[in-house]
Amino acid sequence: MEQIPNIQQGMTQGQVFEIINRLIDAFNETDGAIVESLTDGKIDYNKLVNRPTINGVTLEEGIRQADLDIDVGADAVNRIMEMESRVAGTETAETQQLEKITSLEAFKTTYKSYVDTLRSQRTSDRSDIDTLQTQRTTDSGRIDLLDQRYSAIHTTQTSEQQKVATLQTEIVTKAKQNDFSQVTQRLISAINRLNIVANAVILLENNGCTFGRKTIHDATEGQCISDVSNSFDFDN
């Protein structure tokens, strides 16, 4: 069909009418072709012209592969079979994946509940941790105070131990200087008195003053009585 020009400014009335008439004729031709291809208001494939063909055979309703004289070939058949096998494997894998997805969704629901529970417990535990941290801070101060007191007690204990050691040394020294010297003096005094009494008795006996009693000479069977030594040597 010859191309119809556009209507432009400056055309004469006759040129405009010519273009309009050509448009009407083209529309009538198209409308007629469409009407001829309709059946019950629908396009009828069998009424169309220039229908597609394969190997010179027009594609019509009810045509079979054998009518088209198509030689697929063994290689193409093998590829088709391989493709069918892959499709079947893909469908099987898809089914398995769907089952896994269903299981995962069930797990997700279950573990979602666990996660919610853990979150609640975490909130509770966080409060407990804050409490423990506060107590730890308090206890840390108490421990520092106890350390100070222990240090003070240890210092006092060391000082008292030094004092005790000093007192022990002083006790030993004073015992040597005072206590034993007093005992020694008293023993010497007692021994001296005993010697004086013994000498006085001997002197009286020599003068015949026995007062009816056994004499020291008789009591000692004639042995001489010596003075008791009044010298002492004490070990530390």
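Reading guide: rules and limits
Residues numbered from 1 in each chain as written. Predicted model: local features only at pLDDT ≥ 70, side-chain atom pairs only at ≥ 80, totals over all residues. Heavy atoms only, no water. Helix = DSSP H or I, 4+ residues; strand = E, 2+ residues; numbered from the N terminus. Buried < 20%, exposed > 50% of the residue type's maximum accessible area, 1.4 Å probe, protein only. Contact = heavy atoms within 4.5 Å. Areas by Shrake-Rupley, 256 points an atom, 1.4 Å probe, with all protein chains shown as cover. Phe/Tyr/Trp six-rings, centres within 6.5 Å; stacked < 30°, edge-to-face > 60°. Salt bridge = Lys/Arg side-chain N within 4 Å of Asp/Glu carboxyl O.

Trainee: Mind showing me how you'd approach the overall build of the protein here?
Mentor: Looking only at helices and strands, the protein has 3 helices and 4 strands in total. Starting at the N terminus, the α and β elements of the protein follow one another as α-β-β-β-β-α-α. Taking all 236 residues of the protein together, 5% fall into the buried category. Taking the contacts inside the protein whose residues are at least 6 apart along the sequence as the reference set, 26% of them involve residues at least 24 apart. Carbon and sulfur atoms make up 54% of the accessible area of the protein, which totals about 20700 Å².

Trainee: Can you help me understand unusual backbone geometry in this one?
Mentor: Leaving glycine aside, a negative phi is the common case for residues, and trans is the common case for peptide bonds. Backbone geometry places Asn55, a non-glycine residue, at a positive phi of 50°. By the secondary structure assignment, Asn55 is in the loop between strand E3 (53-54) and strand E4 (57-58). In this structure Asn55 comes out as exposed when scored by relative accessible area, which is 55%.

Trainee: I tried to follow the packing of aromatic side chains on my own but got confused; where do I start?
Mentor: In this description, a pair of aromatic rings is defined by centroid distance and the angle of the planes. The final tally for this structure, using the stated rule, is 2 aromatic pairs. Both rings, one in Phe107 and one in Tyr111, keep their centres 6.3 Å apart while their planes meet at 40°; by these two values the pair is tilted. One end of the pair is Phe107 and the other is Tyr111, both in helix H2 (residues 74-206) and 4 residues apart, which spans about a single turn. Judged by its relative accessible area of 47%, Tyr111 is partly exposed. Consider the rings of Tyr111 and Tyr114, whose centres lie 5.4 Å apart with planes at 80°: the pair is edge-to-face. Linking Tyr111 with Tyr114, this pair stays in helix H2, spanning 3 residues, or about one helical turn.

Trainee: Got a minute to help me understand the pattern of salt bridges in this structure?
Mentor: Two side chains of opposite charge can pair, provided their charged atoms sit close to one another. Counted by the stated rule, this structure contains 6 salt bridges. Among the salt bridges present, the one from Lys112 reaches Asp116, with a minimum N-O distance of 3.1 Å. Of this pair, Lys112 and Asp116 are both found in helix H2, 4 residues apart, which corresponds to roughly one turn of the helix. Note on Lys112: relative accessible area 45%, which makes it partly exposed. Relative accessible area serves as the criterion here: at 35%, Asp116 is assigned to the partly exposed category.

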